[in-house]
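A closer look at the structure
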Amino acid sequence: MGKLAEQVALIYGGTSGLGEATAKLFAKEGAKVAIAGRSVERGNKIVQEINNNGGEAIFVKVDLMDGEQTRRSVQDTVDAFGTIDILYNGAGILDKYEDIVHTSEDTFDSVINLNLKAVFNTTKEVMPILMEKGRGTIINIGSQGSKFAGVGGISYVSSKHALVGFTKQLAYDYGPKGIKANLLAPGYIDTPMTEDVEEKRLQEIPNQRAGKPEEVAKLALFLASEDSNYMNGTEVYMDGGWTVGR
């Protein structure tokens, strides 16, 4: 019996990077996992790997810019597994480190829509399920940009700062109903999303290396499990000590 036995986790952004590592670990710890993303090939490959290792997983194709697809992804998960216990909001995009003068309205809208509005939409769809159960977990994926400027442009940093307030308000409103919501803020992690980040960033990290997706997944497991039941509305940074020098 693992830490997440008999629970159902819906993982957005689960077809690569942090989401993929988290899906695999959650499944190993006993959760039934719905991996939601756009890449059918990647999603099915991860599902096959999990199922071959004795876990239970499905792939749910979704474009989070489409409200109907978002609603369907939640319903597909419930149809497959009967319920949802854990919502992991891990989909997101970087901008081009552009300041407000050089940022187009379309770019700003695209980043805000995926990094913030999509989280609103997924959470709004899942919350009634958690409320009916009287318990549940929401993990929102932030970043160093949730606390500091300079790790992205105006669009990215705005979206990740806003996600902090969003998470805190969820905890305030729904903590009394048995639901916990926390923000997991990774630093420089070796994922496809950070491939274009300059190598000099490593020199600014006390640990002098990039983090591994599997390390972040272990923190997500803690936040999803009963071990963190008294944590609610918290920002948890995992960045090799980068924030201590800011």
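As annotated in an unreviewed UniProt entry, the protein chain is SDR family oxidoreductase from Candidatus Atopostipes pullistercoris. Under the UniProt heading Sequence similarities (unreviewed entry), the note attached to the protein chain is "Belongs to the short-chain dehydrogenases/reductases (SDR) family."

Spatially, seven strands are ordered β3-β2-β1-β4-β5-β6-β7 in an open sheet, and the strand pairing comes out parallel. Each edge of the open sheet is held by one strand with a lone partner, namely β3 (56-61) and β7 (235-238). Taking each pair of neighbouring strands and ignoring which way they run, the sheet shows an average axis angle of 20 degrees. Across four bridges, the pairing between strand β1 (residues 8-12) and strand β4 (residues 86-89) is parallel. Within β4, the position partnered with I11 by the bridge is Y88. On the sheet, helix α1 (residues 17-28) packs against β1, β2 (32-37), β4, β5 (136-141) and β6 (179-186) and is oriented at approximately 170 degrees with respect to β1.

This next bit is on the pairing of β1. Buried residues dominate β1, accounting for five of its five residues. Every second residue of β1 is oriented toward a common face, with V8, L10 and Y12 on one face and A9 and I11 on the other, all of them buried. Pairing of β1 with β2 involves five bridges; the strand directions are parallel. Residue pairing in the sheet places A9 in a bridge with V33 of β2. This β-α-β element, β1 to α1 to β2, shows right-handed connectivity.

Attention now goes to the packing of aromatic side chains. Counted according to the given criterion, the structure contains one aromatic pair. Ring centres of F148 and W242 lie 5.7 Å apart, and the angle between their planes is 85 degrees; this geometry places the pair in the edge-to-face category. Residue F148 is located in the loop between β5 and α5 (154-174), and its partner W242 is located in the segment after β7; the two are separated by 94 residues in the primary sequence. A single burial state applies to F148 and to W242, both of which are buried. Over the face of the ring belonging to Y237 we find K147, whose NZ or CZ atom lies 5.4 Å from the ring centre.

Further remarks concern the pattern of salt bridges. Per the counting criterion, the structure on display carries nine salt bridges. Between R71 and E68 there is a salt bridge, and its shortest N-O distance comes to 3.2 Å. You can see R71 and its partner E68 sitting in helix α3 (residues 67-81), three residues apart, about one turn around the helix. On the basis of relative accessibility, which here comes to 40%, the residue R71 falls in the partly exposed class. On the basis of relative accessible area, E68 is assigned to the partly exposed category, the value being 40%. In this structure, the salt-bridge partner of D85 is R135, at a minimum N-O distance of 3.0 Å. Placement of D85 in the loop between α3 and β4 and of R135 in the loop between α4 (105-133) and β5 is noted, with a sequence separation of 50 residues between them.

Attention shifts here to unusual backbone geometry. With a phi close to 70 degrees, E6 is a non-glycine residue in the positive phi region. Here E6 lies in the segment before β1. Positive phi outside glycine occurs at Y97, with the angle close to 60 degrees. Topologically, Y97 is positioned in the loop between β4 and α4.

Looking at the element boundaries, S159 is found in helix α5. Within the structure, S159 has its side chain in polar contact with the backbone oxygen of Y156 (distance 2.7 Å). Apart from residues no more than four positions distant in its own chain, S159 is found in contact with V111, I112, N115 and L116.

Cut-offs and rules
- Residues numbered from 1 in each chain as written.
- Predicted model: local features only at pLDDT ≥ 70, side-chain atom pairs only at ≥ 80, totals over all residues.
- Heavy atoms only, no water.
- UniProt positions renumbered as here; feature names shortened; annotations may be inferred.
- Pairing = 2+ DSSP bridges.
- Helix = DSSP H or I, 4+ residues; strand = E, 2+ residues; numbered from the N terminus.
- Axes fitted to C-alpha atoms, helices over the stretch in contact; angles between N-to-C directions.
- Contact = heavy atoms within 4.5 Å.
- Buried < 20%, exposed > 50% of the residue type's maximum accessible area, 1.4 Å probe, protein only.
- Right-handed = clockwise from strand over helix to strand, strands pointing away.
- Phe/Tyr/Trp six-rings, centres within 6.5 Å; stacked < 30°, edge-to-face > 60°.
- Lys NZ or Arg CZ within 6 Å of the ring centre and 35° of its normal.
- Salt bridge = Lys/Arg side-chain N within 4 Å of Asp/Glu carboxyl O.
- Polar contact = N/O pair within 3.5 Å; in protein donor to acceptor, adjacent residues only side chain to side chain.

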